[in-house]
Amino acid sequence: MHKKRIPWNKGTKGICKPTKTSFKKGEHIGKDHWHWKGGKKKTKNGYIQLRRPLHPFCNKDGYIYEHRVIMELYLGRYLKSNEVVHHINDNREDNRIENLKLLSDNKEHFVLHMRHHGNYPNHKLNNDDILKIRKMAKLGKSRKNIAKKFRIDPSHISRIILRTCWKYI
Ligand SMILES: [Zn+2]
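Residues numbered from 1 in each chain as written. Predicted model: local features only at pLDDT ≥ 70, side-chain atom pairs only at ≥ 80, totals over all residues.

1. Structural notes on the overall build of the protein chain
For the protein chain, the count of helices and strands is five helices and five strands. Along the protein chain, helices and strands appear, N-terminal first, in the series β-β-β-α-β-β-α-α-α-α. Counting over 169 residues, the protein chain shows a buried share of 15%. Sequence separation of at least 24 residues holds for 38% of the intrachain contacts in the protein chain that already meet a minimum separation of 6. (Helix = DSSP H or I, 4+ residues; strand = E, 2+ residues; numbered from the N terminus. Buried ≥ 20, exposed ≤ 12 C-beta atoms within 10 Å, placed from the backbone. Contact = placed C-beta atoms within 7 Å.)

In structure tokens, the structure reads:
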């Protein structure tokens, strides 16, 4: 469960974002911080996070996933903790609303990934993987073996080789 937080609307004056007065003067946080990048950062697993210290579901550092915030703005409500926001084109940095799909839980997310992406929700292929997969196929490795190595579905390997997906690489 989430720890008790500052009320979501404290100091926001009707808009859901921090104001200048949210920060104590002289404190090296926010815009005064040497590491400030407009309150945006990328996580180790490739997601974008925004600094939203007043958001009720932000983490202990005051950050929240951008794709969740964008979905919340679109829906006009906060997401429930079990709700999942999926990236339709599998690109975790593409947080345009048309690339986001709201799912009711992780199970639905798992099924969708297996069916349409041939991978696990927490698994992402990068450009290097695609090149490696195509090279292995050229060298005569079986699709089943390649799929096993990259932890994805053999049918997804076919789509990569036939360039019905990842066609720009
Ligand atoms: Zn997903």
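Having seen it, we continue.
2. Let's talk about the nonpolar core
Residues Leu-125, Ile-133, Ile-146, Phe-150, Ile-152, Ile-157 and Ile-160 constitute the largest nonpolar core, which totals seven residues. In contact with Phe-150, not counting residues within four places along its chain, are Leu-125, Asp-129 and Ile-133. Core analysis: the next-biggest nonpolar cluster, separate from the first, contains five residues, Leu-50, Cys-58, Ile-64 and Tyr-65 among them. (Core = buried A, V, L, I, M, F, W, Y, C linked by C-beta atoms within 7 Å.)

3. Some thoughts on the environment of Asn-106
By the element assignment, Asn-106 lies in helix H2 (residues 106-117). Overall, Asn-106 belongs to the partly exposed group, with 13 C-beta atoms counted inside 10 Å.

4. Details of helix H3 (residues 127-138)
Taking 1.5 Å of rise per residue, the 12 residues of H3 would be expected to cover 16 Å, and the 17 Å separating its terminal C-alpha atoms lies within 8% of that figure. Once H3 finishes, Gly-140 follows within two positions and takes phi at roughly 90 degrees, a positive value. (Expected span 1.5 Å × (residues − 1).)

5. Quick look at the sheet that holds strand E2 (residues 48-51)
Overall, antiparallel pairing links the three strands, which are arranged E1-E2-E3 in an open sheet. The two strands at the open ends of the sheet, each matched to only one other strand, are strand E1 (40-42) and strand E3 (63-65). When strand polarity is set aside, the average angle formed by the axes of neighbouring strands in this sheet is 35 degrees. As paired strands, E1 and E2 are joined by three bridges and run antiparallel to one another. Directly across from Lys-42, in E2, lies its bridge partner Ile-48. (Pairing = 2+ DSSP bridges. Axes fitted to C-alpha atoms, helices over the stretch in contact; angles between N-to-C directions.)

6. Here's the deal with the environment of Arg-163
Tracing the sequence through the fold places Arg-163 in the segment after helix H5 (154-161). According to the C-beta neighbour criterion, Arg-163 is exposed, with 12 such atoms within 10 Å. Note: C-alpha distance between Arg-163 and Arg-134 (29 residues apart in sequence) is 9.6 Å.

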